[in-house]
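So the chains spell out like this:
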Amino acid sequence: MKKSIIFFAMLVAFTACKKNITSLNIDTKKPSEVPAATLFSFATKSYSDVVTSASVNNNVFRFTTSQWAMVTYQDEAQYDFGTRNIPQAWWTTMYREVLQNLAESSNIIKANTTLNAGIKSNQLAIIDIMQVLAFSTLVNTFGNVPYSEALDQKNLFPKYDDAKTISLDLLKRLNTDIAQLNTASAGFSASEDLIFQGNISKWIKFGNSLRMQQALILADAENAIAKTAVEASDAGAISADVDNAAFKYLAGAPNQNPLYVDIVTGGRGDYVAAKDLVDKLLALADPRLSQYFGTNANGAYVGGIVGQVNTISAVSKPGPKVYAPDAQTLLMDYVETEFNRAEAAERGYAVSGNAETHYNNAVTASILYWGGTAAEASAYLANPLVSYATASGTWREKIGVQKWIALYNRPFNCWTELRRLDFPKVTAPVGAKSGFPNRLNYPSNEQQLNGNNYTQASGAIGGDVVTTKLFWDKF
């Protein structure tokens, strides 16, 4: 009996050793495969989140463009981008959260042998348009950046490509994407496409407006190429507010507008209006003033000094429409496209209409978008300080000032236009740590971990300092 018990115990032990326990290695809380559409949706939301956010950890361009100021903490408003490593956060979001997810989504779709060919073609073109948008954001932030080797996960030390070369290639990619989109087939579904809800016609218009925008950024450096791209884009670009490329947030958590999370949920009451913008809106009797900002404790519109401690009761704060939980984020709109058409006309490009008409269309559309009336827009444009015929300065100043006003709450785009058109001339912050930032420094991680490529890139652009101008910034 004792021997039987021993034998049975040995048998059990042997059987236990042979049991397959590899299933314990499976993390049941993390999917091993993610649908391509989910990756695409996540990437578009990640892009929208970071360009909308007012977090001093990643998006400080509202201060840089002198549209917002701070009450107490002035580091970022004074061009201190290193203390919180803002370049690293911006870089990481674009590469990891946006571009890598778009690339993986594209790879999954390409490998799908059962997907309808027309749908596959549209989805790949849409993904590429978003990749162009993200890469252009990186180039226009830093200059030379990893591009040709950037999305190879096996390459830990990607080389930096020349910024102009990247920008020219992005235009070529848009040419291909626009030609590839076909309204005869679907793309992503309405629930997957958080920008256009599956509308291919609107993606085509977005692609054309984006190509026009990127071409004009190049215009002072590569005029002939810019001219060709703008003229090819004009007829197919956004031509009404209903075509705006807008990321639509929801009123309920966790998909609320990032500004609501920053200001309301996060209790950040220290973001206030900047003096430059408030003073300009007051001087022009601009009907958007009451939508952009509220009044101070005395019922007056007063802007705070950028870089200086401001008394919160004495200055205006952002208006509630700006940080509503379901406020949308504009990635491209009719307003910007009409300003771009106005500029193209001034440059002598063959676009429909004339500069004044497009300028008037842009200003009117902006006022209507923010809740104003057609009568208010008409009166505003009749103001000699606003009228295209009588406003001061060259076309760069006329368009630059009004574009700066209209791009309120689109801080990255506003910063790009401010650098490109050089108007208006914003006031330097009190205690500025540098001259006006024409770019952000490369992230510290790149300096430490990708040192050789960083050093080459830094030398190629003229030095890794914020005052170094990008290749397209000629004035």
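These figures come from a predicted structure and were not determined experimentally.

Asker: Teacher, can you tell me more about the overall build of the protein chain here?
Answerer: Looking only at helices and strands, one finds 18 helices and six strands in the protein chain. Against the compact-globule benchmark of 23 Å for 475 residues, the protein chain has a radius of gyration of 25 Å, which places it among compact chains. The principal-axis extents of the C-alpha atoms in the protein chain amount to approximately 110 × 55 × 45 Å. When burial is assessed residue by residue, the protein chain has 54% of its 475 residues classed as buried. When contacts within the protein chain are restricted to residue pairs at least 6 apart in sequence, long-range pairs at least 24 apart make up 73% of them. Summed over all atoms, the accessible surface of the protein chain reaches about 20200 Å², with 56% contributed by carbon and sulfur.

Asker: Just to check I follow, could you spell out the confidence of the model for the protein chain for this structure?
Answerer: For any part of a model where pLDDT is low, the fine detail of the predicted coordinates should not be relied upon. This prediction gives the protein chain a mean pLDDT of 94; 93% of its residues lie at or above 70. Within the protein chain, the lowest mean pLDDT, 44, falls on helix α1 (residues 2-18), and the highest, 99, falls on helix α12 (residues 334-346). Overall, residues 1-17 carries pLDDT values under 50, and its contacts beyond four positions in sequence, including any with other chains, amount to zero contacts.

Asker: Sorry, what's going on with the pattern of salt bridges here?
Answerer: Any two side chains of opposite charge can pair, given that their charged atoms come close. All chains considered together, the criterion is met by 21 salt bridges. When the shortest N-O distance is used, the salt bridge between K45 and D49 registers 2.7 Å. Of this pair, K45 and D49 both sit in helix α2 (residues 36-52), four residues apart, which is roughly one turn of the helix. Among the residues examined, D49 registers a relative accessible area of 21% and is labelled partly exposed. The partner of E231 in a salt bridge is K227, and the shortest N-O contact between them spans 2.7 Å. One end of the pair is E231 and the other is K227, both in helix α8 (residues 223-233) and four residues apart, which spans about a single turn.

Asker: So what exactly am I meant to see when it comes to the environment of N122 here?
Answerer: Note that N122 resides in helix α5 (residues 117-142). C-alpha of N122 to C-alpha of K172: the two residues are 50 residues apart in sequence and 17 Å apart in space. Leave out the neighbours within four places in its chain, and N122 touches Q180, L181, N182, S185, A186, G187 and I200.

Asker: Would you mind going over the side chain of N450 with me for this structure?
Answerer: On the secondary structure map, N450 appears in the loop between α17 (444-449) and α18 (451-461). A distance of 2.9 Å separates the side chain of N450 from the side chain of N453, its partner in a polar contact. When near neighbours in sequence (up to four residues on either side) are disregarded, N450 contacts F157, P158, Y160 and N445.

About the cut-offs
Residues numbered from 1 in each chain as written. Predicted model: local features only at pLDDT ≥ 70, side-chain atom pairs only at ≥ 80, totals over all residues. Heavy atoms only, no water. Helix = DSSP H or I, 4+ residues; strand = E, 2+ residues; numbered from the N terminus. Rg over C-alpha atoms; globule rule 2.2 N^0.38 Å. Buried < 20%, exposed > 50% of the residue type's maximum accessible area, 1.4 Å probe, protein only. Contact = heavy atoms within 4.5 Å. Areas by Shrake-Rupley, 256 points an atom, 1.4 Å probe, with all protein chains shown as cover. pLDDT = per-residue confidence, 0-100. Salt bridge = Lys/Arg side-chain N within 4 Å of Asp/Glu carboxyl O. Polar contact = N/O pair within 3.5 Å; in protein donor to acceptor, adjacent residues only side chain to side chain.

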